[in-house]
Amino acid sequence: MSNVEKFYEATAEFPEGALPDHQVYEHPLVKRYATKEMSFIFSPAQKFTTWRKLWLALATAEQELGLDITDAQLTQLRSQIYSIDFAYAAQKESEFRHDVMGHVHAYGAAAPDAMPVIHLGATSCYVGDNTDLIQIRDALTLLRRKLVKVLGTLRGFCATYRDLPTLGYTHYQPAQLTTVGKRATLWMQELLMDLDRVEREIEGLPMRGVKGTTGTQASFLELFDGDHDKVRALNTRVCELMGFKTSIPVSGQTYSRKIDYNVLSLLSGVAQSAYKMAGDIRLLANLKEVEEPFAKSQIGSSAMAYKRNPMRSERVCSLARYVMSLPGVAANTAANQWFERTLDDSAVRRIVIPEGFLATDVVLTLLENIADGLHVWPEVVKGHCMAELPFMATEVILMECVKAGGDRQELHEAIRVHSMAAGAVVKGEGKPNDLLERIKKDALFAAVHDKLDSMIDPILFVGRAPEQVDEFLADEIDPILEKYKDLLAVEAVDGVNV
């Protein structure tokens, strides 16, 4: 048997029983990237203990409003919030083909005296939808902290490089100068816009509340013998107990899925800002002006040992691209909710909402890490400025010579000729820009020969960029950092593994 035949024999089929602990798909977003904090928010432990808290809040409010629920039953419910028998819940779910009823029975088995009052008057969406909104609120709160951290770190970078001239680019072609710090404020401004949206979403996010099977609260009206005031009070009290200021005014069985669309659009906005910043850093890394953090033993390429690839920034862009795709899914889901509800929203929401938050959280964690270790090479930055600055300085040179008595049209034509010749040297021969040398040798420009070098100091061509940095930090960033100084002091639970 030849080696080729032996190869086919060895690789034909996966052996039965081989690698038994590694035969199930592992989601890389969770296994490889997600932080512990965001993973916990969407974990089974957090989800199903929140279900129990909601059942407890409902029973507590129902007792306050006069239903026959005893203190002993509430005590038993409180004592069993964190003792979930997941195997028993799964057994009951398999039996009933219903996840909520599986957990109702698991809670009832742990708190048997309270079994008759668990889920009293409620529908599945009471625990399902309200828990989703609680998780969304908690996840947005975590993202707010991460955004503030990124802004705090970038603030230091902007201040340090507020007046370091750098070549600006439009159409990715050399343009007028700006500064390294000013460019970074563009990243910060977009993240600041995202923070504002996060703040408004947290503040305005409603709870679904206590609405019943089709949103009419009919079951609760029956429980309270037709007392509308008590039904309204029940809804208000449950929201208060769960930490919400408001509930959605009206609903079908579920809360409006436009809320999911709004939230995922917000996450897409954060991803867009992150992609812009990381994309700029990747381009700057190619120019050798800026480098992201690079570990001592990090390998950039398995083949090209010299390479320092911007792997963190590339990961930001990769995950951000996924997050940016999610609002379309949410839009289709919202549009396809028939009448009071349809279940085709369920499976996809279980995926896109947690994954959207998990990925956005990783993106922000990476951004802070990148910003904290971002390294600038000033001499490379200056070299790129000086390669283009002679062209940009021609207008200043022209005006100075005119003020000294020169003929504007004659000078303009001379500069045009010299510029074309210098450009040909740069592009055709690969040599440095020699425009200034040509001007120094031309008697028409004698008026500026003795001050030509001082006239092309890059800092003279950045306009108000340094002052704009100072004003932006003082007026826009510092008030936010002061407002959230407690968040800046919070130590991150997770690091970045490259």
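What counts and how
Along each chain, numbering runs from 1 in the same order as the chain's sequence is written. Only residues with pLDDT of 70 or above have their local features reported here, since the model is predicted, and side-chain atom pairs are shown and tallied only from 80 upward, although totals for entire chains, interfaces and linings are computed over all residues. Calculation of side-chain values draws on the structure's entire complement of heavy atoms; hydrogens and water are dropped beforehand. The helix and strand labels rest on DSSP assignments: H or I over at least four residues marks a helix, E over at least two residues marks a strand, and numbering proceeds from the N terminus. For every residue, the accessible area (1.4 Å probe, protein chains only) is compared with the maximum for its type, and the residue is labelled buried under 20%, exposed over 50%, or partly exposed between those bounds. Note on charges: Lys and Arg go in the positive column, Asp and Glu in the negative column, and His and the chain ends are not counted at all. Each reported salt bridge corresponds to a side-chain nitrogen of Lys or Arg within 4 Å of a carboxyl oxygen of Asp or Glu. Note on contacts: a residue pair is in contact if any heavy atoms of the two residues lie within 4.5 Å. One bridge is not enough; two strands pair if DSSP finds at least two bridges between them. The criterion is simple. A nonpolar core is a set of buried Ala, Val, Leu, Ile, Met, Phe, Trp, Tyr and Cys residues joined through side-chain atoms within 4.5 Å.

**Q** Would you take a moment to explain the side chain of R52 for this structure?
**A** On the secondary structure map, R52 appears in helix α4 (residues 44-64). Salt bridges are absent for the buried R52, whose nearest opposite-charge side chain, D85, sits at 8.2 Å. Setting aside its immediate chain neighbours within four residues, R52 contacts Q80, I81, S83, I84, A106, Y107 and A110.

**Q** Help me out: how do you make sense of the pairing of strand β1 (residues 165-170) in this one?
**A** Taken residue by residue, a regular strand's side chains alternate between the two faces of the sheet. In this sheet, strand β2 (residues 173-179) lies alongside β1 in antiparallel orientation, the contact comprising 5 bridges. Counted as the bridge partner of L167 is L177 from β2. If you look at the hairpin formed by β1 and β2, you'll find 2 residues sitting between the two strands, and H171 has a positive phi there, around 60°.

**Q** Sorry if this is basic, but what is going on with unusual backbone geometry here?
**A** Positioned with a positive phi, Q217 is a non-glycine residue whose angle comes to about 60°. Summarising the element assignment, Q217 is placed in the loop between α9 (180-204) and α10 (218-223). The backbone phi angle of K288 is positive, close to 65°, even though this residue is not glycine. Tracing the backbone through its elements, the reader meets K288 in the loop between α12 (258-286) and β3 (290-291).

**Q** Explanation requested: the nonpolar core in the structure shown.
**A** Side chains of a nonpolar character, in soluble globular proteins, are inclined to be buried together. Counting 112 residues, the largest nonpolar core has M38, W55, L77, Y126, L234 and F357 as the members making the most contacts within it. With 16 residues, the top contributor of residues to this core is helix α8 (residues 124-160). Those residues in contact with L77 that lie beyond four places of it in its chain are L56, A59, Y107, A111, A114 and I118. Core analysis: the second largest hydrophobic core is formed by 24 residues, I397, C401, L411 and I456 among them.

**Q** Honestly, the pattern of salt bridges in this entry has me stumped. Any pointers?
**A** As enumerated under the stated definition, the model contains 30 salt bridges in all. Among the salt bridges present, the one from R232 reaches D229, with a minimum N-O distance of 2.1 Å. Remark: D229 and R232 occur in helix α11 (residues 228-241); sequence separation between them is 3 residues, near one turn of the helix. In this structure, D345 engages R257 in a salt bridge whose closest nitrogen and oxygen atoms are separated by 2.8 Å. Within this pair, whereas D345 is found in the loop between α13 (311-335) and α14 (346-373), its partner R257 is found in the loop between α11 and α12, the two being separated by 88 residues in sequence. Each member of the pair, D345 as well as R257, is classed as buried. Taken together, the shared-partner salt bridges in this structure form one network comprising D129, R257, R341 and D345.

**Q** What's the story with the environment of M420 in this structure? I'm lost.
**A** With respect to the helices and strands, the residue M420 is situated in helix α17 (residues 408-429). Separated by 15 residues in sequence, M420 and L435 place their C-alpha atoms 9.1 Å apart.

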